[in-house]
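# Results of the structural survey
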Amino acid sequence: MEATVFYILAAILLIGTLCAITARQAVRAIVYLVVSFFALALMFYLLGAPLIAAFEVIIYAGAIMVLFLFVIMMLELESPEKLPKPRFSDWWPALALVVVVVGALAVLLLSHVRAVPPGFTDIPVRQFAYTLFKQYGVAVEIVSMQLLFALVGALYLGRRK
Amino acid sequence: MMPATYLTLMLLFPLLGGLTCAIAGRKLPRVLVESLACGAVFGSFVCALLTALSYTAPTVVTLAEWFASFDLVIPISLYLDPLSLSLSVMIGFVCGLIHLYSVFYMREDEDYARYFALLNIFVFAMLTLVLAESLPLLYLGWEGVGFCSYLLIGFWYRDTNNADAGRKAFITTRIGDTAFMIALAWLFQLFGTLSVTKLNGMGFLMPVSVLTALGILFLIAAMGKSAQVPLMVWLPDAMAGPTPVSAMIHAATMVTAGVYLLARMYPMISASQTALAAIAVTGAVTAFYGATCALAQRDLKRVLAYSTISQIGYMMLGVGAEAVTAATFHLLVHAFFKALLFLGAGCIIAAMHHEQDIFKMGGLRRTLPLTFWSFLAGAACLAGLPFTGGFFSKDSILMAVWHKGGALYQSLYLLGLLTALITAFYSFRLVFLVFGGGNGHVHRTTGLGVMQAVLIPLAILGLFGGVLNLPGYMGEGLLTRLFVAIPGGGAVEATHEQEIVMQAVAGALALAGLAAAWLRYGKGRAHRMQEAQSPPSPLISFLANGWYFDALYNVLFIRPYRALAGILWERMDKGVIDDSLDGLGKGIGSVGQRLGRWSTGRVAVYLISFAAGGALILCYLAWLVL
Amino acid sequence: MSVPLSHILIVASLMFAMGLGCVIAWRANVIMMLIGIEIMLNAVMLTFVGGSAHWGIADGQLFSLMLMALTSAEVSLALAMVVYLHRRKQTVNTDRFDSMKG
């Protein structure tokens, strides 16, 4: 049952992403992406990471994507039809690279299939929190500082002269 | 303790004098520089005299450790024995007089500081060469002498000819130096030491063939330095330097170094009869060559230069005939009378306003009487007129050659006698042409007084130099007694009758040469003067050009070398190396430009490159798995 | 749940490849390029979380969290940069910003 849900979510995720990258307008791409991120969040939940799932929805689908929307609106870009679209000549190196990467990864993955019993263990939030604040306390501090720097930098870049 | 102090001072005086002149000479007043240079050499001479007075037995004095790495141990050690002692006394004396003479000869030259610095260092290098106990130290002095002679021959370097003469001397002697270096390396490989005393004591350990080869190598070294056939071409050109320098090169320093080296290594070389024969043949041939060339020269100094080549040849002949004492005897006497002749020539040239063609001189007998009498004494010594110093020394060499016996040495003896005849002839040709006749004009007389006064002690020593080593029938020789301790130094065991007969023959030949010269250039002077106006006969120009050895070497070595250098330069250096490097540079440049087009500044291109690189790595991993 | 780890990884790698393609293809629009980067980062997060669940260790999830924090910082800066650049050249076409030309 859960496996079925997983595969459905995977399909939504991949299709949503595909639509996002081929969308003609940035706003539409954002909306497609929000859909696929929701699917991703559910997958996280299925993989026993409810906290990450929540953060995915809140930070990614919520904050970051909305930030993108804000910026798109702020820029007051001309009508979307005038924006240069990727031509075929732009796509084919991308496609070639994608094929190469996917092929290589497929080879690597399939060659490493082991008889591991397919089973996932849930990680309780308590364990997650312990690991985060006890083992990786310094990392948390550093990340918080980095966020501060990003804040200052964004303010500096965005100020009007 | 005393010898060490004297020896050190003997070396230090000229070194410090030379360094002071070199460093501060331009700032110091002229008188101070001159007196410093002269004082240094005379101080050195006094030290040599004191050493001689306190001399008892051969001593090795180690002053310091030069370097000692692995097996190679080279101390700065000096060796005092009759050979080095007599030479250093002579060097101190003759060079002192030449320094004094130079003060007046170079009176008008602005570059006095450089001149006296080089002169002092020249003396220092020669003393180092003579006194050195370890061969590398000797080699250092050897090269120092060569270096100083190069700089002094090209002293007036603004004239290209002078600079070329200096270079010619340096390069030619370097050929010999190379042989010396090879001999040094080989000796070290064979014996593991480079100490002269030890090597001379160990020579017999080696097979004769090896010793022959070593002897030949030393002979080549001596050929270069002492201007022996076939490396003699530099000496006539070395006249380009100031005349006192020529006197020094010919008399005291430089050219005698080769003979000294052979005499020094004699105990080792003497084990090989082949090497000795080679030395003797070289000496005799050179003596003959020099004498014949001197016959036809017109330049006063070139006559003397060829006579030096000839006389050094006699010394080599003496060493080759196992008569080191006689060779040294001749070396000392030759130093006196050759310095005398050159300094006299300097007086003449100065008085004639730098005219050196002997066919344009004449009548100086009356205008320069002091020079005339001293020069006459020198010429008598050179010619070997009976009872002069040159007579005894040359005769002792010829006697040793005769006494050695064998067809080779007897023919060399005859060659030596013939050379003696020619020598007498050309010596007096010079005297008659320069001083004879009646049309003497003297142009310059300032400073000539002292310059002429310097000639007097040299003339006395030259004339009575025979006292140093009188033949057996006149009492035992001083040098023989001194040298009897060293190998090859003993007197030649000839009966007194033999000696007297031989000396009579030699004396008669010298007188015959004198008579012939008188007939041709004394009586027939005017006729010869007229003849000199017309172009010379082929024989004369053959002799005057030194048997065309310069032209021969030009064809044999210099032209092929130039052609080779041209090919190497234009084909190899420019064609192959430069072009290939240029091509490489251009290739890399164009590759760089093509690669540079890649950095378009567009993020997209960079991203694609980056992703392609990542994809490549993935492909590699996948390929590893497959 | 009984999904093999390799399936999760395949989904993640497909998503990553799509993000890469987006970044490379959309050179005319810097915002779409940033979206491509977000897609790739999310694929990486999926890998982390899948690994974490597979081995039962919290570190993978933790790195996902860190990644989110870093991404938000990166996105805020990048978007500020986009605003700034657009203000200078009135365009979001990356080919127009080629002052890094060598």
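Quick look at the structure, then. Source: prediction; values computed, not measured. (Residues numbered from 1 in each chain as written. Chains lettered and ligands numbered in written order. Predicted model: local features only at pLDDT ≥ 70, side-chain atom pairs only at ≥ 80, totals over all residues. Heavy atoms only, no water.)

## Focus on the interface of chain A and chain B
Listed by partner, the interface residues are ten residues for chain A and ten residues for chain B. Approximately 740 Å² of surface area, both sides summed, lies buried where chain A meets chain B, with 96% of it carried by carbon and sulfur atoms. Three residues stand out in chain A for area buried against chain B, namely A:L97, A:V107 and A:L108, and they jointly supply 51% of the buried area on that side. Inspection of the region where chain A meets chain B yields zero salt bridges. Remark: the boundary between chain A and chain B carries zero residue pairs in polar contact (both at pLDDT 80 or more). Here the residues of the side of chain A that touches chain B are counted per class, giving eight nonpolar, two polar and no charged. (Contact = heavy atoms within 4.5 Å. Buried area = accessible area lost by both parts, 1.4 Å probe. Salt bridge = Lys/Arg side-chain N within 4 Å of Asp/Glu carboxyl O. Polar contact = N/O pair within 3.5 Å; in protein donor to acceptor, adjacent residues only side chain to side chain. Nonpolar A, V, L, I, M, F, W, Y, C, P; charged D, E, K, R; others polar.)

## Points about the interface of chain A and chain C
Facing the 76 residues of chain A at the interface are 69 residues of chain C. The junction of chain A with chain C conceals about 6,700 Å² of combined surface from both sides, 79% of it contributed by carbon and sulfur atoms. For the pair chain A and chain C, the interface holds zero salt bridges. Counting across the interface, chain A meets chain C through six residue pairs in polar contact (both at pLDDT 80 or more). Elements that contribute at least two residues to the side of chain A that touches chain C include exactly α1 (2-22), α2 (26-46), α3 (50-75), α4 (88-111), α5 (125-135) and α6 (137-158) of chain A. (Helix = DSSP H or I, 4+ residues; strand = E, 2+ residues; numbered from the N terminus.)

## Comments concerning the pairing of strand β2 (residues 72-80) of chain B
Every other side chain in a regular strand lies on the same face of the sheet, so the side chains alternate between the two faces. Residue and element names in this part refer to chain B. In the sheet, strand β1 (residues 59-69) pairs with β2 via nine bridges, with the strands oriented antiparallel. Paired with V61 across the strands is L78, a residue of β2. Hairpin connection, β1 to β2: the antiparallel pair is bridged by two residues, and F70 has positive phi, about 55°. (Pairing = 2+ DSSP bridges.)

## Digging into empty space enclosed by the protein
Residue and element names in this part refer to chain B. Counted by the stated rule, this structure contains two cavities of 30 Å³ or more. Of the pockets and cavities examined, the largest cavity occupies roughly 60 Å³. Around the largest cavity sit A383, G384, G390, F391, K394, D395, L398, A420, A506 and A510, which together line it. At the level of secondary structure, the elements contributing two or more residues to the lining of the largest cavity comprise α18 (389-404) and α22 (496-523). Sort the elements by how many residues they give to the lining of the largest cavity and α18 lands first, with five residues. Of the voids in this model, the second largest cavity is the one considered here, and its volume is about 50 Å³. As for the second largest cavity, its lining consists of V233, P236, D237, Y289, R302, Y306, N545, G546, F549 and D550. At the level of secondary structure, the elements contributing two or more residues to the lining of the second largest cavity comprise α9 (234-237), α14 (300-320) and α25 (549-598). Split into classes, the residues belonging to the lining of the second largest cavity amount to five nonpolar, two polar and three charged. (1 Å grid on protein atoms, 1.4 Å probe; cavity = no way out; pocket = protein on both sides within 12 Å on 5 of 7 lines; lining within 4 Å. Points joined across faces, edges and corners; volume = space filled by probe spheres on them.)

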